[in-house]
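Observations on the model geometry
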Amino acid sequence: MGPPPGNPLHVQRIEMHLQIIIRLVNPAFLERAIALAIENVLAGGGPFGAVIVRDGKILAEGVNMVISTNDPTAHAEVTAIRNASRALNAFHMPGCEIYSSCEPCPMCLGAIYWAHLDRVYFAATQQEASQSEFDDTFIYRQIALPPESRLIPMIHVPSGGRALAPFQAWMEKEDRIRY
């Protein structure tokens, strides 16, 4: 446990932490994500942009394409990950970071973990986004509930050993590629 708030050591620790963050983040990449979001709004899309960076260079960009593609999964982070995957010809992205105009929603956060990105930098918080009618609070609450208690009914249908057959086939496949 650290020194109590108000203590000069506590303030010094916070300042040191902020200096470390400032050194890690490249404001130009975050600004690019924000600029993409603004451009997307002006083009008729949602207010979200993201860039994936590797070795100090932008590898891929993405904007929210939900409206233009009628794809509810086409969030900026997901489109950036898809574009980076194509550029790298890989689905794991160690050594890559994502800069997003906003804190990722639960779906995008899942995609970020599956892509094995090293770090996430974001501008607006989920609380700030909620003030513009992009509120993920409901989804976070739903995820925390047992499946049978969620608003969208999630019904486990016991299928005996048959439900495990795809996983058994996967584990028996000698040339499987782990992800």
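A short tour of the structure in this document, coming up. (Residues numbered from 1 in each chain as written. Predicted model: local features only at pLDDT ≥ 70, side-chain atom pairs only at ≥ 80, totals over all residues. Heavy atoms only, no water.)

What follows deals with the overall build of the protein chain. The secondary structure content of the protein chain amounts to eight helices and four strands. In the protein chain, the order of α-helices and β-strands from amino to carboxyl end is α-α-β-β-α-α-β-α-β-α-α-α. For the protein chain, with 179 residues in total, the buried portion stands at 27%. A separation of at least 24 residues holds for 48% of the contacts in the protein chain among residues at least 6 apart in sequence. For the protein chain, the accessible surface area stands at approximately 12400 Å², while carbon and sulfur atoms represent 61% of it. (Helix = DSSP H or I, 4+ residues; strand = E, 2+ residues; numbered from the N terminus. Buried < 20%, exposed > 50% of the residue type's maximum accessible area, 1.4 Å probe, protein only. Contact = heavy atoms within 4.5 Å. Areas by Shrake-Rupley, 256 points an atom, 1.4 Å probe, with all protein chains shown as cover.)

To continue, consider the pairing of strand 2 (residues 57-63). Sheet topology note: the strand 1 (residues 49-54)/strand 2 ladder contains six bridges and is antiparallel. Residue Arg54 lies in a different strand from strand 2, and its bridge partner there is Lys57. In this antiparallel pair of consecutive strands, strand 1 and strand 2, the connection spans two residues, and Asp55 shows a positive phi of 55 degrees. (Pairing = 2+ DSSP bridges.)

A few words now on the environment of Ile112. By the element assignment, Ile112 lies in helix 5 (residues 106-115). Sequence separation between Ile112 and Ile81 is 31 residues; the distance between their C-alpha atoms is 7.8 Å. In this structure Ile112 touches Ile81, Ile98, Pro104, Leu117 and Val120, once residues within four positions along its chain are discounted.

Strands sit in the order 2-1-3-4 across an open sheet of four strands; the sheet is mixed. The two strands at the open ends of the sheet, each matched to only one other strand, are strand 2 and strand 4 (119-124). Between one strand axis and the next, the sheet turns by 20 degrees as a mean value, whatever way the strands run. Helix 2 (residues 27-42) contacts strand 1, strand 2, strand 3 (96-102) and strand 4 of the sheet and is inclined by roughly 150 degrees relative to strand 1. (Axes fitted to C-alpha atoms, helices over the stretch in contact; angles between N-to-C directions.)

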